[in-house]
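Breakdown of the fold
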Amino acid sequence: MEAVTESKVNVRPLADRVLVEPAPAEEKTAFGIIIPDTAKEKPQRGTIVAVGTGKKDEPLTVQVGDTVLYGKYAGTEITVEGKEYLIMRESDIFAIV
Amino acid sequence: MEAVTESKVNVRPLADRVLVEPAPAEEKTAFGIIIPDTAKEKPQRGTIVAVGTGKKDEPLTVQVGDTVLYGKYAGTEITVEGKEYLIMRESDIFAIV
Amino acid sequence: MEAVTESKVNVRPLADRVLVEPAPAEEKTAFGIIIPDTAKEKPQRGTIVAVGTGKKDEPLTVQVGDTVLYGKYAGTEITVEGKEYLIMRESDIFAIV
Amino acid sequence: MEAVTESKVNVRPLADRVLVEPAPAEEKTAFGIIIPDTAKEKPQRGTIVAVGTGKKDEPLTVQVGDTVLYGKYAGTEITVEGKEYLIMRESDIFAIV
Amino acid sequence: MEAVTESKVNVRPLADRVLVEPAPAEEKTAFGIIIPDTAKEKPQRGTIVAVGTGKKDEPLTVQVGDTVLYGKYAGTEITVEGKEYLIMRESDIFAIV
Amino acid sequence: MEAVTESKVNVRPLADRVLVEPAPAEEKTAFGIIIPDTAKEKPQRGTIVAVGTGKKDEPLTVQVGDTVLYGKYAGTEITVEGKEYLIMRESDIFAIV
Amino acid sequence: MEAVTESKVNVRPLADRVLVEPAPAEEKTAFGIIIPDTAKEKPQRGTIVAVGTGKKDEPLTVQVGDTVLYGKYAGTEITVEGKEYLIMRESDIFAIV
């Protein structure tokens, strides 16, 4: 389920935004990350499926396929071809795992 | 209805502003985007019909004809020749779809 | 009434400020702009009658004679030779129509 | 009373500040400016009597003797040799009239 | 009492800060400045007794010995060798008189 | 327990973020730091276990293995392979001890 | 007690932070500084015992051993080897005395 496949979602985020496919809200993952109890109702881990071109002089660091950790309230929900995604700024992402 | 035709609206947005023609509030579109339930009362997708010249050293990314996703409360409503549009800053736009 | 005549108002706006003569609050204009219902009590369209010299490295875009759209609460009212004007920053202007 | 005489007030405003002698609160002036009703209790027009040296790379635009319009709550009142003045930043000034 | 003598106070203000010796709260001074009624409880005029070295690329304008006007709530009170002073940023100073 | 071993945690913090392993909430440590009484419920000292690549032109100062002091409410808790960590910005760190 | 000895505290403040050893809350000090009445409950004077390396292009001004004045609520309390210190940013320091 966290297979890192480059999705073909037809969405081009603008500037420093990225499109994230949230991971399902399971407690123990293949990579050993446990979402803390206080955050169980919404996953804080996901996979980058599309990235913007960055801001002026600031290219993005994350790439399509990266598994990332992000804040519980980060981003805006959008649905593309029946699947839910989050669109957020790269600065909302804490780390690549 | 989401045909990407370059409109001849006589409005020149200033600086980093763009003029957007909102898509009708339908659940499933030709491109497969489903507006999430919580946003049904107002479409969050639209077509760029006019663009500003950008800010100093920051040309705009979106172009006339682009279908874009934007925040539910983005922009100011204006009516030109009987049709409703939104005028907003490019930074209010999340992605091109 | 929206005749674009260069007024001779003796006011020199400072920096990025412009002097705007608001259009009367009529629903349908010669250019086909309809002021939305929620804004009827105060026109959001006007004509530039004087412009500042811009800020450092940022010359103004609007010119005397331009018909512009601006926010409902933009600017400060002043009265010159018996007529009411608004003095506002260019950034309060959405578009030239 | 709005005679533009260069006063000899011994005050050197710092940086982007200017010293303004407010005009009396009369409705119709020699220059034809009517202070709007809502502002009658305090004049919004005055004469520049001293100017600062500007901020780094930003010299001031107004000069001693200019009649200016400024915001109703702009500046700080000071009294010099028995006369009341306002000391304010140039950015508080809307226009030269 | 407003004699402009260079004090030997052993205080070196940092960056853009200055040390000010407030003038006594008298209504009419030797220089003809009247503190407005609303500010009588605390003097708004004082003498510079020590200055910082300025911020990067922004040397200070005021010098030791200058009589200055400053905002009623400007600065922090400190007592050195039994006398009360105010330490404030130069930007809190309106003018040299 | 505060042995400075470079952990092999598979987390790459973004930009100016670092991953910190908090020290246990004991009063007296091997290095002689006493957490003040008011902060006992949560340790303010920890060990850097992963660092970001820094922001543009601003490389990070702390290194993996550094023992650091940080604010009581700094960072976001994440759990990796059963252990709790904090991910925070370097600017939340006060000092290396 | 305010002897200016370079302490050997094993704390390296980050960036523009400094470690300060607060002076005891006595009214009259050897240097003649009287803490004003309103601040008696907590000293506002101390000695620099460690300094950071400064921010980019902004080296610090204070040095280890300097006696400084700082705001009453400046800094965060930490205890090192049984003694209480304050860690604060240099900008919280008003002056060297």
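Residues numbered from 1 in each chain as written. Chains lettered and ligands numbered in written order. Predicted model: local features only at pLDDT ≥ 70, side-chain atom pairs only at ≥ 80, totals over all residues. Heavy atoms only, no water.

Considering the overall build of chain A
- Counting secondary structure elements, chain A contains zero helices and eight strands.
- Secondary structure elements of chain A occur, N-terminal to C-terminal, as β-β-β-β-β-β-β-β.
- Taken over 97 residues, chain A has a buried fraction of 53%.
- Considering only contacts in chain A between residues 6 or more positions apart, those separated by 24 or more positions represent 61%.
- For chain A, the accessible area works out to roughly 4800 Å², and carbon and sulfur atoms hold 49% of it. (Helix = DSSP H or I, 4+ residues; strand = E, 2+ residues; numbered from the N terminus. Buried < 20%, exposed > 50% of the residue type's maximum accessible area, 1.4 Å probe, protein only. Contact = heavy atoms within 4.5 Å. Areas by Shrake-Rupley, 256 points an atom, 1.4 Å probe, with all protein chains shown as cover.)

Considerations on the pattern of salt bridges
- Applying the stated criterion across every chain, the model contains 14 salt bridges over all chains.
- A salt bridge links Asp 16 of chain C to Arg 89 of chain C; its shortest N-O distance comes to 3.0 Å. In this pair, Asp 16 of chain C is assigned in the loop between β1 (12–13) and β2 (17–22) and Arg 89 of chain C in strand β7 (residues 83–89), connecting sequence segments 73 residues apart.
- Taking relative accessible area as the criterion, Asp 16 of chain C reaches 10% and is therefore assigned buried.
- Between Glu 21 of chain E and Lys 83 of chain E there is a salt bridge whose closest N-O contact spans 3.3 Å. Of the two residues, Glu 21 of chain E is situated in strand β2 (residues 17–22) and Lys 83 of chain E in strand β7 (residues 83–89); the sequence distance between them amounts to 62 residues.
- Relative accessible area serves as the criterion here: at 39%, Lys 83 of chain E is assigned to the partly exposed category. (Salt bridge = Lys/Arg side-chain N within 4 Å of Asp/Glu carboxyl O.)

Remarks on the interface of chain D and chain E
- The interface is formed by 16 residues belonging to chain D together with 17 residues belonging to chain E.
- For the pair chain D and chain E, the summed buried surface comes to about 1400 Å²; carbon and sulfur atoms form 61% of the total.
- Our count for the contact surface shared by chain D and chain E stands at zero salt bridges.
- Our count for the contact surface shared by chain D and chain E stands at four residue pairs in polar contact (both at pLDDT 80 or more).
- Broken down by secondary-structure element, the contributors of at least two residues to the side of chain D that touches chain E are β1 (12–13), β6 (76–80) and β7 (83–89) of chain D.
- Sorting elements by how many residues they give to the side of chain D that touches chain E places β6 of chain D first, with five residues.
- Summarising the sheet, β1 of chain D and strand β8 (residues 93–96) of chain E pair through two bridges and their orientation is antiparallel. (Buried area = accessible area lost by both parts, 1.4 Å probe. Polar contact = N/O pair within 3.5 Å; in protein donor to acceptor, adjacent residues only side chain to side chain. Pairing = 2+ DSSP bridges.)

Concerning the confidence of the model for chain A
All names here are of chain A.
- Taken as a whole, chain A shows an average pLDDT of 79; of its residues, 73% reach a score of 70 or greater.
- Considering only residues more than four positions removed or in separate chains, one finds that residues 1–6, a stretch of pLDDT under 50, has nine contacts.
- Long-range and interchain partners of residues 37–42, a stretch whose pLDDT sits below 50, account for nine contacts in this model, where long-range means more than four residues apart. (pLDDT = per-residue confidence, 0-100.)

Focus on the interface of chain A and chain B
- Every contact between the two is made by 16 residues of chain A and, on the other side, 17 residues of chain B.
- With both sides pooled, the region where chain A packs onto chain B buries about 1400 Å², and carbon together with sulfur makes up 60% of that total.
- Interface area lost by chain A to chain B is led by Arg 12, Leu 14 and Thr 79 of chain A, which between them contribute 39%.
- The interface formed by chain A and chain B holds four residue pairs in polar contact (both at pLDDT 80 or more) in total.
- For the side of chain A that touches chain B, the elements supplying multiple residues, two or more each, are β1 (12–13), β6 (76–80) and β7 (83–89) of chain A.
- The dominant element in the side of chain A that touches chain B, judged by the number of residues it contributes, is β6 of chain A, at five residues.

Re the environment of Tyr 85 of chain D
Residue and element names in this part refer to chain D.
- One can find Tyr 85 in strand β7.
- Residue class for Tyr 85 comes out buried when judged on its relative accessible area of 4%.
- Considered as a pair, Tyr 85 and Thr 47 are 38 residues apart in the sequence and their alpha carbons are 9.7 Å apart.
- Look past the residues within four positions of Tyr 85 in its chain and what remains in contact with it is Val 9, Leu 19, Val 20, Glu 21, Pro 22, Val 49, Thr 76, Glu 77, Ile 78 and Val 80.

Comments concerning the side chain of Asp 66 of chain C
- Checked against the element boundaries, Asp 66 of chain C lands in the loop between β4 (45–51) and β5 (67–70).
- Of the side chains bearing the opposite charge, Arg 12 of chain B lies closest to the buried Asp 66 of chain C, which forms no salt bridge; the N-O distance is 4.6 Å.
- A polar contact of 2.8 Å, which involves the side chain of Asp 66 of chain C, links it to the backbone nitrogen of Gln 63 of chain C. (Lys, Arg positive; Asp, Glu negative; His and termini not counted.)

Considering a positive patch on the surface
- A surface patch of like charges, here positive, comprises Lys 56 of chain A, Lys 56 of chain B, Lys 56 of chain C, Lys 56 of chain D, Lys 56 of chain E, Lys 56 of chain F together with Lys 56 of chain G.
- Within the element layout of this structure, Lys 56 of chain A appears in the loop between β4 (45–51) and β5 (67–70). (Patch = residues over 30% accessible without salt bridge, like charges linked within 9 Å, V, L, I, M, F, W, Y side chains within 5 Å. Charge placed at Lys NZ, Arg CZ, Asp CG, Glu CD.)

With respect to the environment of Asp 16 of chain C
- Taking C-alpha positions, Asp 16 of chain C is 8.1 Å from Ser 91 of chain C, a pair spaced 75 residues apart along the chain.
- Within the structure, the side chain of Asp 16 of chain C is placed 3.0 Å from the side chain of Arg 89 of chain C, a separation counted as a polar contact.

Topic: the pairing of strand β8 (residues 93–96) of chain F
- In the sheet, strand β5 (residues 67–70) of chain F pairs with β8 of chain F via three bridges, with the strands oriented antiparallel. Residue pairing in the sheet places Leu 69 of chain F in a bridge with Ala 95 of chain F of β8 of chain F.

Observations regarding unusual backbone geometry
All names here are of chain B.
- One non-glycine residue, Ala 15, adopts positive backbone phi at about 55°.
- Structurally, the position occupied by Ala 15 is in the loop between β1 (12–13) and β2 (17–22).
- For Ala 15, a relative accessible area of 26% corresponds to the partly exposed category.

Considerations on the environment of Asn 10 of chain F
- Residue position: Asn 10 of chain F is located in the segment before β1 (12–13).
- Judged by its relative accessible area of 47%, Asn 10 of chain F is partly exposed.

Looking at the pairing of strand β6 (residues 76–80) of chain C
Residue and element names in this part refer to chain C.
- With five bridges joining them, β6 and β7 adopt antiparallel strand pairing. Opposite Thr 76, over in β7, you have Ile 87 as the bridge partner.
- Linking β6 to β7, which pair antiparallel, is a turn of two residues; within it Glu 81 sits at a positive phi near 50°.

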